[in-house]
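# Chain and residue survey
Here are the chains, one letter per residue:
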Amino acid sequence: MKTILKVVGVLIILIIAALFILPVIFKDDIVKLAKQETNKVVNAEVDFGDINLSLIKSFPDFFLSMEDLKVKGVGQFNDVTLAELGELDLVIDLMSVIKGETIQLKRIALVDANIHLKVMADGKANWDIAKSDSTATKEVEKEPTEEGAPFKMELQEISIVNANFVYQDLSMPMSMGMHGLNASITGDMSASETNLDALVTIDDTDFSFDGADYLNDARAELKAGLGMNLDEFKFTFLENTLRVNELPLAFDGWVAMPNDAIDMDITYAASETAFKEFLSMIPAEFSKDLEGVQTSGTLALDGYVKGTYIDSTYPAFALNLQVADGMFKYPDLPKSVTEININTKIESADGDLDHTIIDVSKFAFNMAGNPFSLTLYMSEPISDPFIRSSMQGKIIIDNVKDVIPLEEGDELAGIIDAKLNLEGRLSTLEREEYESFKATGDLEVSGLHYKSDSLDYPVDVDHAKMTFTPAFAELSDLNMKVGKSDFQAKGRLENFIGYALSDNAILHGQLDLNSQLMDINELAGIDPEEEESESKGGEGNGGNAENPEGSEEPMEALLLPKNIDFTTTADIKKLIYDDLTIENIGGSIVLNEEKLNMKNTKMDLLEGSMLMNGFYESTDSLRPTFDFAMDIDKFDVQKTSEKFVSIQQMAPIIKHSKGKYSTKLTIAGALDNGMNPIYDSFNGKGKLKTHSVKVEGFKPLKKVSKAIKYDKLDPLDVNDVNLTFNIVGGKVFVEPFDLKVDDSKVTISGYNSIDQTMYYTLDFEIPRKELGGEANSALDGLLSQAASKGVDVNVADNINIGVIVEGDVSDPKIKTDFSAAKENAKKAIEDQAKKMLEEKKKELERQAREEAEKKKKELEEKAKKELEKQKKEAQKKLEEEAKKKLKGLFK
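Calculation rules
Residues numbered from 1 in each chain as written. Predicted model: local features only at pLDDT ≥ 70, side-chain atom pairs only at ≥ 80, totals over all residues. Heavy atoms only, no water. Helix = DSSP H or I, 4+ residues; strand = E, 2+ residues; numbered from the N terminus. Areas by Shrake-Rupley, 256 points an atom, 1.4 Å probe, with all protein chains shown as cover. Core = buried A, V, L, I, M, F, W, Y, C linked by side-chain atoms within 4.5 Å. Buried < 20%, exposed > 50% of the residue type's maximum accessible area, 1.4 Å probe, protein only. Contact = heavy atoms within 4.5 Å. Pairing = 2+ DSSP bridges. Salt bridge = Lys/Arg side-chain N within 4 Å of Asp/Glu carboxyl O. Phe/Tyr/Trp six-rings, centres within 6.5 Å; stacked < 30°, edge-to-face > 60°. Lys NZ or Arg CZ within 6 Å of the ring centre and 35° of its normal. Polar contact = N/O pair within 3.5 Å; in protein donor to acceptor, adjacent residues only side chain to side chain. Patch = residues over 30% accessible without salt bridge, like charges linked within 9 Å, V, L, I, M, F, W, Y side chains within 5 Å. pLDDT = per-residue confidence, 0-100. Arc of directions from axis to C-beta.

## Quick look at the overall build of the protein chain
Counting its secondary structure elements, the protein chain contains 16 helices and 41 strands. For the protein chain, the computed accessible surface area is about 51600 Å², with 54% contributed by carbon and sulfur atoms.

Right, dumping it as structure tokens:
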């Protein structure tokens, strides 16, 4: 018996030890398998660090911890990280795991969590990451089995520690952010009906809708009891308090989601009626610390949301806000804001958004003795908005510092005088029946001065005046200075009321802008020296006007607004951007339907001048496009290389050049959503002329010089060269052009690509006296062979060499072709031999002629002598016969 007990004891010890040891032994395999299987079933990139399994930390329960969990989107969400958790902790009842029937998950904890939920304009959400299961239909059709008990989980607590939560919905558009979120939810979450207790605190909350900010850095705290019916998926508000800053709100009612629709019946109201609580809702940067502030007045705030929400069906809703005789005064300041009276009601009794009534019957206050009032009534905001509004008052800005404490160093001064009355329907403006719409008034600003340590520059408006009519708002005068930049402008806006009330109305405008100096660096908070130092380490990416990689935050595509037709005529004497100075900017810029057109825009920069026409368009927000024609006159080569990375990418030789150039260029292409060039989309053409350009230290030319033993290519003077080029798919194709190099000539053509590869042919015609090495040795054998055969050859002064340069710009391959030189030498030998043959033939012919002439003379002389002889013999014979005859006579 004792032996059996010992064996059983040992087994128990081994089992317990295994529970502690096996998770450690197989942890790496478990982590690897978990990552593989998770990524198989989701359309996202899931990764995590270590997994800790323990029975000690939560004994007798089972503790599972996952560290550095990250879920990153793919496709159109590749720039959004859905979730990033420092730690995910699970506490599980050990015996429930062993039994296997009901898993009792006691606690879930999210620590240092960052959650970013995003809905695109097309309605697609980044949390919809589950891959579709092609076998799902077949599985549903399978007959149910009775094997095994149902799998359940019993959750008792959820806690969130130090979380940040962001929700963006571009289809509405709206966004909400909660930072420093801590939450604890407890209760039996496995029961079909149960009550939960929740405590949620948020350090700061932001909420914006359709471009308007409704909450900014608001603190929030929720203490709530929640009744939960999972059979009906209905949640009922029990005793609860929501405090936003110092304003407490109480909720009653319920929310149910039995299907796709959301049913609700909720009422809410402020549980306290002191004006001070409402004052706390003003963002902190405007209200400062309210502790010790004297207040008076009453508050009434309530409303409801009742009905069904699904697709385009909305529940009825209302918000009522009243402030009566409100007042506040800071203890250390001499003046107060009094007579604060607000009466606002927003309601849609049936949930139809077009039946919404916005009625601000009173919004008034008196600041240090200067009264200001505003009213607004709007109905039928969707179909045909009717608006009735008035604004009247004079705000002496100097008084602001007497009623609201400013930060040390802040300065405020000036006067704003406003008087405006509007009344009528949008449709009358659309029909241009301006006499049926009332719009009168002026807005005038004088001597405005604002300076703050939080702003890098002071703002001064010497004078500005805008006059309102039903058809337009006219800016008759604007004279202002922002930091070192000055602006003088006048112009008008047409259909500004229609544009404000309708999503489809077009805002027309025209502005004449003049400036002696516009310092974009100061206005945008750019420090060129910082930009350059931060971006060092990537060649060519720092301290230039394109620097998308050099900034701490990635750039975003410049999105141009819809429904705006605006023309600006500019005359800017000097503009500074980054370390680039542009002078004498003139021309017109037209913004229309998400396209920015530049017409005959002139400017002086880079020691030259440019005339530019073309456009930038952001209709496709992920792939903005451009199409420009530029006429550039005598730009400095080196400064162009320093300021514009894209030129370096497309023409690497420019980085090793000095001098000036002129070009007429057309180029079109696209940018990505970070405003980075998509080079393979670039297409264009142009002509380029050089002015006293010298190229030095360009490796491809140095390697060519070494290959053909010709030392006049580095440095290389490129003077008065005219070349034609085409840009196709990000490659620059150069048509053949001739370049004079001392007494030599080279014909160049080819292309270079944005990936820093190149392919060029260089056809040289070089005097033989300037060459050595391979070029001449290629001829020596032929010449010596000819000489041995008695052929004296004089080769032409210039010889031809072909060179191919291809590969990476930093270390290209060089191929030389001396066949042309050899062919020329062979031809020279053949020509010399032919010449010698001709000369020999002529010599032989001459000798033959001389020999024939000689023989002819010899024959003639011989014939003459023979004739003389014959004559003498005949004479002698005649004399002898005559003597005989005379002798016969005298016998």
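After that view, the rundown keeps rolling.
## Focus on the nonpolar core
Membership of the largest hydrophobic core comes to 89 residues, with the highest contact counts inside it found for Leu-739 and Phe-764. Beyond its immediate sequence surroundings of up to four residues, Leu-739 is in contact with Leu-716, Asp-717, Val-718, Val-721, Ser-744, Lys-745, Val-746 and Ile-748. With 26 residues, the next largest nonpolar core counts Leu-85, Tyr-167, Leu-181 and Ala-220 among its residues.

## Overview of the pairing of strand β26 (residues 507-515)
Residues Leu-507, Gly-509, Leu-511, Leu-513 and Ser-515 of β26 are buried on one face, while the alternating residues His-508, Gln-510, Asp-512 and Asn-514, pointing to the opposite face, are not. Taken together, the seven bridges between strand β25 (residues 485-494) and β26 define a ladder with antiparallel strand orientation. When the sheet's bridge partners are listed, Gly-491 is paired in β26 with Leu-511.

## Considering the pattern of salt bridges
The tally for this structure, following the rule as stated, stands at 13 salt bridges. Measuring nitrogen to oxygen at the nearest pair gives 2.9 Å for the salt bridge that ties Glu-380 to Arg-425. Remark: Arg-425 occurs in strand β21 (residues 411-425) and Glu-380 occurs in the loop between β19 (370-379) and β20 (386-396); sequence separation between them is 45 residues. A relative accessible area of 30% places Glu-380 in the partly exposed class. Residues Lys-484 and Asp-519 are paired through a salt bridge, measuring 3.5 Å at the closest nitrogen-oxygen approach. Pair noted here: Lys-484 is in the loop between β24 (472-482) and β25 and Asp-519 is in strand β27 (residues 518-519), with a separation of 35 residues, a long-range link. Residue classification places Lys-484 among the partly exposed positions, given a relative accessible area of 45%. Each of Lys-484, Asp-519 and Glu-522 takes part in salt bridges that share partners, so that together they form one network.

## Regarding the pairing of strand β33 (residues 657-671)
Here ten bridges tie strand β32 (residues 625-636) to β33, and the two strands are oriented antiparallel to one another. Residue Ala-629 lies in a different strand from β33, and its bridge partner there is Thr-666. As paired strands, β33 and strand β34 (residues 677-695) are joined by 13 bridges and run antiparallel to one another. Bridge pairing links Leu-671 to Pro-677 in β34. Here β33 folds back onto β34, and the loop between the two strands holds five residues, one of which, Met-675, carries a positive phi near 65°.

## Comments concerning the packing of aromatic side chains
Two measures describe an aromatic ring pair: the distance that separates the ring centres and the angle between the ring planes. Within this structure, the stated rule accounts for 15 aromatic pairs. Note on Tyr-377 and Phe-386: the rings are 6.4 Å apart at their centroids and 65° apart in plane angle, and the pair reads as edge-to-face. Where Phe-733 meets Tyr-751, the ring centres are 5.2 Å apart and the plane angle is 40°; that geometry is what we call tilted. On the criterion of sequence distance, the pair formed by Phe-733 in strand β37 (residues 731-741) and Tyr-751 in strand β38 (residues 744-753) is long-range, its members being 18 residues apart. One aromatic cluster is present, built from ring pairs that chain together Phe-626, Phe-628, Tyr-679 and Phe-682. Looking at Lys-234, its charged tip hangs above the ring of Trp-254, at a distance of 4.5 Å from the centre.

## Some remarks on the side chain of Asn-229
By the secondary structure assignment, Asn-229 is in strand β11 (residues 212-229). At 3.2 Å, the side chain of Asn-229 and the backbone nitrogen of Glu-232 are in polar contact. Every residue in contact with Asn-229, bar those within four places of it in the chain, is listed here: Ser-192, Glu-193 and Lys-234.

## Some words on the environment of Ala-349
Considering the arrangement of structural elements, one finds Ala-349 in the loop between β17 (337-348) and β18 (357-367). On a C-alpha basis, the gap between Ala-349 and Lys-306 in space is 9.3 Å, while along the polypeptide they are 43 residues apart. When sequence neighbours within four positions are dropped, the list of residues in contact with Ala-349 reads Tyr-304 and Ala-316.

## Here's the deal with a nonpolar patch on the surface
Residues Tyr-309, Tyr-314, Leu-353 and Ile-382 make up a contiguous nonpolar surface patch of about 350 Å² in total accessible area. As for its position among the elements, Leu-353 is in the loop between β17 and β18. When its relative accessible area of 32% is taken as the criterion, Leu-353 is described as partly exposed.

## Considering the confidence of the model for the protein chain
Residues of the protein chain with pLDDT of at least 70 account for 78%, and the chain-wide mean is 79. Every residue in residues 136-151 is under pLDDT 50, and counting partners more than four places away or in other chains gives five contacts. This stretch, residues 535-552, has a pLDDT under 50; its non-local contacts, to residues over four places away or in other chains, come to 40 contacts.

## Notes on unusual backbone geometry
The step from Asp-714 to Pro-715 runs through a cis peptide bond, and the omega angle for that step is 0°. Relative to the helices and strands, Pro-715 resides in the loop between α14 (699-707) and β35 (716-718). Phi is positive for Asp-68, close to 50°, though the residue is something other than glycine. At Asp-742, a residue that is not glycine, the phi angle is positive and equals roughly 55°. The residue Asp-742 is located in the loop between β37 and β38 in this model. Asp-742 sits in the partly exposed class, given a relative accessible area of 48%.

## Some words on α14
Of the residues making up α14, those classed as buried are Pro-700, Leu-701, Val-704 and Ser-705. With its buried residues spanning 135° around the axis, α14 presents them on a single face. Downstream of α14 by one or two residues, Lys-709 has phi in the positive range, about 55°.

## A few points about the environment of Asp-462
In this fold, Asp-462 is placed in strand β23 (residues 459-468). Given a relative accessible area of 56%, Asp-462 falls into the exposed group. Spatially, the C-alpha atom of Asp-462 lies 5.6 Å from that of Asn-479, the residues being 17 residues apart in sequence. Residues in contact with Asp-462, not counting those within four places in the same chain, are Val-445, Ser-446, Gly-447, Asn-479 and Met-480.

## A closer look at the environment of Glu-407
With respect to the secondary-structure elements, Glu-407 resides in the loop between α7 (400-403) and β21. For Glu-407, a relative accessible area of 47% translates into the label partly exposed. Note: C-alpha distance between Glu-407 and Ser-452 (45 residues apart in sequence) is 7.8 Å.

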